[in-house]
Amino acid sequence: MKTEPYVEAAEGPDGEPILALVAGGAYQSATYLGKRRFEPVFAYHRAFDCMFQAGIDVRDVLMLGGGGYSYPKHFAITHPACRMDVVEADPAVTRLAKERFFLQEVLDGLDDPDRLRLITAEGRAYLDSCPKTYDVIINDCFSGTRPARSLMTAEAARAVARCLTPDGLYLTNAVSEREGCDVSILCAAAAALAHVFAHVQMLPCSDEGFSAEDNYLLAASNRPFNLPGAISFPEELRGCALHDERASAL
């Protein structure tokens, strides 16, 4: 099996040809071709736009995990008044996104290069030494099919909170296991966020045909918010929060 990230041709949800970025044996991102090349293919990427319905002033956004830069390029094209810093640990992923996923086209067309800044760093390390605060932080870091454990702990949630403005919003992707039967990752992530944030909601956003697993977007903030289609995470489903000393063993 290939260990380096690579690109393969695939079919989108509507039968349209796409290119998929494969890393760790799983699809990490995808792009349409032609006129739709700046439109996110995956439902959970499209769901990140919910930040603009949360009742906060969105100007500065941090995205942890560039992948194929599907959402960052959409963000840059559709929200010209906003800025985004994208933290991606693997330079090979960024190179593929520039060469095959139309990222370079977006960068070349920006009137201000600071509107989309690319940073090579590990997500948790960047949070722990974050030089600024953001209105929204998005976590889309994966190791193969599993979310990065270093960003799912209670300590990571506290690091996120330190990097957010007082009314800021945190969005993180969580995925089920064993074909939707195991939601322990989702529960652990929600528990970690509940340790730090006053309000936690869950937004289902699965993609039929791309994966047998269910995708969920967890949203957290210290101010009340209500995202369309989201539900409050039931207290009885919140698992035990992960902590840094345990996360690396799971």
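Residues numbered from 1 in each chain as written. Predicted model: local features only at pLDDT ≥ 70, side-chain atom pairs only at ≥ 80, totals over all residues. Heavy atoms only, no water.

1. Some words on the pairing of strand β1 (residues 6-11)
Working note: regular strand, side chains alternate between the two faces of the sheet. Pairing between β1 and strand β2 (residues 17-23): six bridges, direction antiparallel. Paired with E8 across the two strands is A20, which belongs to β2. Counting the residues that bridge the hairpin from β1 to β2 gives five residues, and of these G15 lies at a positive phi of roughly 85 degrees. (Pairing = 2+ DSSP bridges. Helix = DSSP H or I, 4+ residues; strand = E, 2+ residues; numbered from the N terminus.)

2. What to know about the packing of aromatic side chains
All chains considered together, the criterion is met by six aromatic pairs. Between the aromatic rings of F42 and Y44, the centroid separation amounts to 6.2 Å while the plane-to-plane angle is 20 degrees, which identifies the pairing as stacked. Per residue, the accessibility class of F42 equals that of Y44, and both read buried. When the ring of F48 is compared with that of Y71, the centres are 5.3 Å apart and the planes differ by 80 degrees; the resulting orientation is edge-to-face. A residue pair is termed long-range when its members are at least 10 positions apart, and F48 in the loop between α1 (43-47) and β4 (60-64) and Y71 in helix α2 (residues 70-78) qualify at 23 residues. Comparing F48 with Y71, the two get one shared label, buried. In this structure, R36 is placed above the aromatic ring of Y32, and the distance from its NZ or CZ to the ring centre is 4.0 Å. (Phe/Tyr/Trp six-rings, centres within 6.5 Å; stacked < 30°, edge-to-face > 60°. Buried < 20%, exposed > 50% of the residue type's maximum accessible area, 1.4 Å probe, protein only. Lys NZ or Arg CZ within 6 Å of the ring centre and 35° of its normal.)

3. Some details on the environment of L118
Looking at where L118 falls in the secondary structure, it is placed in strand β6 (residues 116-120). Classification of L118 by relative accessible area gives partly exposed; the value is 29%. Residues within four places of L118 in sequence aside, it is in contact with Y69, V86, T94, K98, L103 and L107. (Contact = heavy atoms within 4.5 Å.)

4. Concerning the environment of V136
With respect to the helices, strands and loops of the structure, V136 is situated in strand β7 (residues 134-139). For V136, a relative accessible area of 0% corresponds to the buried category. Not counting chain neighbours up to four residues away, the residues in contact with V136 comprise M51, I56, V58, D60, V61, L62, L164, L169 and L171.

5. With respect to the sheet that holds strand β3 (residues 26-32)
Across the sheet, which stays open at both edges, the three strands sit in the order β1-β2-β3 with antiparallel pairing between neighbours. The two strands at the open ends of the sheet, each matched to only one other strand, are β1 and β3. Taking each pair of neighbouring strands and ignoring which way they run, the sheet shows an average axis angle of 35 degrees. (Axes fitted to C-alpha atoms, helices over the stretch in contact; angles between N-to-C directions.)

6. Concerning the side chain of E155
Take E155: it is sitting in helix α6 (residues 154-163). Owing to a relative accessible area of 19%, E155 belongs among the buried residues under this scheme. In contact with E155, other than residues within four places in its own chain, are R124, L242, H243, D244 and E245.

7. A short note on the pattern of salt bridges
The tally for this structure, following the rule as stated, stands at 14 salt bridges. Across the salt bridge formed by E105 and R37, the nearest N and O atoms sit 2.7 Å from each other. Of this pair, E105 sits in helix α4 (residues 103-109) while R37 sits in the loop between β3 and α1, and the two are 68 residues apart along the sequence. Using a relative accessible area of 22% as the deciding quantity, one classes R37 as partly exposed. Two residues, E155 and R158, come together in a salt bridge whose shortest N-O distance is 3.9 Å. On the criterion of helical spacing, the pair formed by E155 and R158 is a turn pair, its members being three residues apart in helix α6. Here the salt bridges share partners, and the residues they tie into one network are D60, R83, D85, R117 and K132. (Salt bridge = Lys/Arg side-chain N within 4 Å of Asp/Glu carboxyl O.)

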